[in-house]
Amino acid sequence: MADVILDHVKKTFGKFTAVADADFHIRSGEFFTLLGPSGCGKTTTLRMIAGFSFPSSGEIRFDDWNVTTLSPDKRDIGMVFQNYALFPHLTIGENVAFGLKTRKVPKDEQKRRVAAALEKVHLGGYENRKVQEISGGQQQRVALARALVIEPTILLLDEPLSNLDAKLRDDTRSEIKRLQREMGITTIYVTHDQAEAMAVSDRILIMKNGVTQQLGTPYEVYYRPENRFVAEFIGKHTVLPAVIERAEGELCTVRLQEGSRLTGFKKHAASGVTYKEGETLLVALRPECIEPAAGREDNLLRGQVIHAEFTGMSANYLLDVAGTVLKATFVNHMPDPKSIGQSYGVHVPRERVYFLKGEA
Amino acid sequence: MNNRSASRRLPISSRPWFIYVVLLPVFFVLLGYVVYPLISIFKDGFFVDGHFSLDLYRRFFNTTSMTNLEATWNSFYISVLSVITCGIVGVGMAFLLESFEFPGRRMLKAFAVIPMALPSLIGAFSFDFLYGESGIIPRGLKVLFGLPQVPFYLDGIAGVLMMHTFTMYTYFYLPVSAALRNADTSLEEAANGLGCNKWQVFWRVRLPMLTPSIVAASMLVFMISMASYTAPLIYGVDRTLTMQIVISRTNGDLAMASCQSTILALISISFLVLMRIYESRRSYASVSKGTPVHRKEVKNKAARVVAIVASFAAVLFLMLPILTIILISFSVNGKWTTQVLPTQYTIQYYIDLFSNPKILAPIRNSLIMSSAATIGNVIFGVIAAYFISRRRFRGRGVVDKLIMLPWSLPGTVVGISLIAAFNVPTVFSFGQVFVGTFFILPIAYFVRHLPLVYRSTYASFAQTDGSCEEAARGLGAGWLYTFGKIVLPMVAGGIASGAILGFVQGIGEFVASILLYTPSSMPISVAINNQMYSFRFGTACAYGTLQIVLVAVLLLISEKIKGDSTASAI
Ligand SMILES: Nc1ncnc2c1ncn2[C@@H]1O[C@H](COP(=O)(O)OP(=O)(O)OP(=O)(O)O)[C@@H](O)[C@H]1O
Ligand SMILES: [Mg+2]
């Protein structure tokens, strides 16, 4: 258990900046996730924490210990690789024991701890099997056991579930979370799947093109996105440009491009949003916050139905609102197949309107 | 400021220049034993008595005494003809064995690759014993039919072509049968369905799919034929480039040999470049593993009988050279004159092999020199392959190409270039003159077989997962421990099979050996050659049999290792 501190860490490959100014503090015992689309620098960040590559500038500390350019074997980390990286010429038992051997743990204790670790990932008695003889999901769990058996201070996981099918994914995910909670290890988890990140993390760092977009709890990044990218990536918000018409008291009314008006609370906004009449900002609307108009005239949006589907739990609509596609999800609602191509009105409750800073 | 303090504390192994320091021995070896010798022959071709001169090249391209031009032309057209004959035999065999099911097919398939295990010199001699003017087959036919003269015999360029075809058709046969096995017959069925008849399907669909392997094999056979020295030597075809190089050298005209070698090297290297360009352009359009080829069963009774007889005949033909060598190894020296087959037999020469120190010496020499070269190859190959496959650094491609360069160089060129380079003291020979010492041959073997060992090692590095190394480091293992316990074991199969191949080549090497050997370092092949020329056929063939057995055993071991390692790869 240790805090992990990245102090203005930057990584460049030649002229290309893979990670620009990563600056955050991971608390001891926390389940911390790096989330972002492919190529955004998640693996690069994780590898620097592991010591497989070193920052171009900045510092990495475990508590007060400066590990910026320390080689990986001295860091006391456990890492699970995306492709597992099990040693093909060793048995399962030998794979798991490898880290204990390098730590010069006595033979009999090695045996006991390997058995216990395999037991923990539900692979008890698999010691003498060969790596090639077990399934992908089992290999995944061996990799996890190998990382956990050394009781590392920090556990690093690079998209550990990406090669598993949906069912196994869910199982293994809760398994990882359970083990992490039991052992209280500081865990850094890399994924590009936001649902996965929301489900397991204490906090999430969202990255794009090497730049940190937002750091917060799942609740925060979902309900209070700091910018358009996070809003669209996490909450599937539809983002519409608007002009401020009136900003009085705690309310603000804006006019959208096609002319309709929306009123919302000023406090439901990303930080740094200012309210001056005539200025532009962005309105972000989550699909599930939108309701059928049902005769209401305020906070009304009109658009052409492009697509309507019924999934059982909900009905999903795509509306063309003056060129922008608005996603709407209605719970307990039966879509009308004839509605496609028709004009359709939806209502957005005031407390569900969210404001983002206008784009320059 | 942050930036500077971070890089100042960077461990030495992560500094950008570190890789170049580690690779210094690799650069040294490449520069000293590959680049510098080539520069030496190039340079020697332009200097006469220490002055720059184009004299040698004028002599080479002299149109009144056409020797060199004729030799170049001969080498060229022998190579073209070899490509054609090897192509016909190799592609024909591949089609026969992959498209038809007949009695004897499996047996023939197993024996089809036998020529690959035959060391070139012993193969050439056995051909002469079998099909030469006083060969077993022509004489046998003469006696059998009471002819006044032998009805035919192989000699000159026809002999060379026969020899080339026998030893090199596998370069067509193997890739083409692989391509046929992996071919997607649904394409042919589709073409059939579109109204093409059988021949149209063959010409328009099947053959184009085989084009890449046929083109690559053609270039390979052309290159090897250009480099061929043993076959012209045995069949007395003096006017080829390789023969001329050795003749110049024997006459003491090293400068002319250098000039001729330069030209041969240029031809070979341009073919290597052409091959690489072709391979890089090659598109793997049809890789869908569709329906595998269905072999047509030969059902007709008579055809089945013909097939089985022909298969046996073919296997016999493939095995005859080896059988002949074994037979003659038991024949008494000097007693086989005009008879069809030797008449007196003994096992004396096998006893000699292991008891007569003079006979034993070449065997010991070959084993020692080949081992030394192989150990060097493995050390060099592992270091180079590891860094080139796992690290990105400037100059990586150049180093890779330099290591592969000797693969395209004829043995004669390697031999002459080493003479040109090391008949004076140099930095690379630590101030010694290597020519005329024991060291020069292991160096020649090292250079010639470097690409083989390197390629094989590189391939297994490329196939294994680099993140295993990182995983081990992350689990607390130091670099050296990781290398020994994780990296090496994962590529051990590839290293071993590359090393065995290199060693086998060293045991059979003749071309560079004949140019560079000294009495104290005479290898088996040279001993065979010398014994043959003193008509001690029995002794020569006992050596030859030993060589064949060694090669066969080692190749089997290598196959076994390869099989095991592919089975255990994930
Ligand atoms: N060794 C390297 N040399 C040059 N560029 C690199 C190197 N490693 C990574 N990059 C680049 O840095 C960027 C970030 O890579 P990184 O592997 O961290 O992405 P990622 O967020 O993990 O993506 P993914 O989800 O696809 O794994 C990519 O554009 C990648 O091409
Ligand atoms: Mg990644």
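Scoring rules and cut-offs
Residues numbered from 1 in each chain as written. Chains lettered and ligands numbered in written order. Predicted model: local features only at pLDDT ≥ 70, side-chain atom pairs only at ≥ 80, totals over all residues. Heavy atoms only, no water. Near = heavy atom within 4 Å. Polar contact = N/O pair within 3.5 Å; in protein donor to acceptor, adjacent residues only side chain to side chain. Areas by Shrake-Rupley, 256 points an atom, 1.4 Å probe, with all protein chains shown as cover. Helix = DSSP H or I, 4+ residues; strand = E, 2+ residues; numbered from the N terminus. Nonpolar A, V, L, I, M, F, W, Y, C, P; charged D, E, K, R; others polar. Contact = heavy atoms within 4.5 Å. Buried area = accessible area lost by both parts, 1.4 Å probe. Salt bridge = Lys/Arg side-chain N within 4 Å of Asp/Glu carboxyl O. Domains from an automatic or database assignment. Buried < 20%, exposed > 50% of the residue type's maximum accessible area, 1.4 Å probe, protein only.

A short note on the site of ligand 1
Residue and element names in this part refer to chain A.
- Around ligand 1 sit Phe13, Phe16, Ala18, Ser38, Gly39, Cys40, Gly41, Lys42, Thr43, Thr44 and Glu159, and those are all the residues in its vicinity.
- Side-chain polar atom of Thr43 to an oxygen atom of ligand 1: 2.5 Å apart, as the coordinates give it.
- Here an oxygen atom of ligand 1 and a side-chain polar atom of Thr44 are 2.5 Å apart.
- If ligand 1 stood free it would expose 640 Å²; the protein chains cover 59% of that surface.
- Looking at the shell around ligand 1, the elements that each hand over two or more residues are β2 (16-26) and α1 (42-50).
- In terms of residue count, the dominant contributor to the shell around ligand 1 is α1 (three residues).
- Class assignment for the residues of the shell around ligand 1 results in four nonpolar, five polar and two charged.

Some words on the interface of chain B and chain A
- Taken together, the 27 residues of chain B in the interface contact 30 residues of chain A.
- Of the roughly 2400 Å² buried where chain B meets chain A, counting both sides, 63% is carbon and sulfur surface.
- Across the chain B-chain A interface, the total number found is two salt bridges.
- Close ionic contact of A:Asp73 with B:Arg473 constitutes a salt bridge, the shortest N to O distance being 2.8 Å.
- Across the chain B-chain A interface, the total number found is six residue pairs in polar contact (both at pLDDT 80 or more).
- Elements that contribute at least two residues to the side of chain B that touches chain A include exactly α1 (2-8), α22 (467-474) and α23 (479-508) of chain B.
- Residue contributions to the side of chain B that touches chain A peak at seven residues, all from α22(B).
- Classifying every residue of the side of chain B that touches chain A by side-chain character gives 14 nonpolar, eight polar and five charged.

Considerations on the domain arrangement of chain A
Residues and elements named next belong to chain A.
- Assigned domains of chain A: these are domain 1 (4-228) and domain 2 (236-357).
- Placing the centre of domain 1 and that of domain 2 at their C-alpha centroids yields a distance of 39 Å.
- Listed by partner, the interface residues are eight residues for domain 1 and 13 residues for domain 2.
- Carbon and sulfur atoms supply 44% of the area buried between domain 1 and domain 2, which totals about 860 Å² over both sides.
- Joining domain 1 to domain 2, the criterion identifies zero salt bridges.

What about unusual backbone geometry?
Residue and element names in this part refer to chain A.
- One non-glycine residue, Asn209, lies in the positive phi region at around 50 degrees.
- Relative to the helices and strands, Asn209 resides in the loop between β9 (203-208) and β10 (211-216).
- Judged by relative accessible area, Asn209 falls into the exposed class, the value being 57%.
- The phi torsion at Lys236 lies on the positive side, around 55 degrees, for a residue other than glycine.
- By relative accessible area, Lys236 is classed as partly exposed at 39%.

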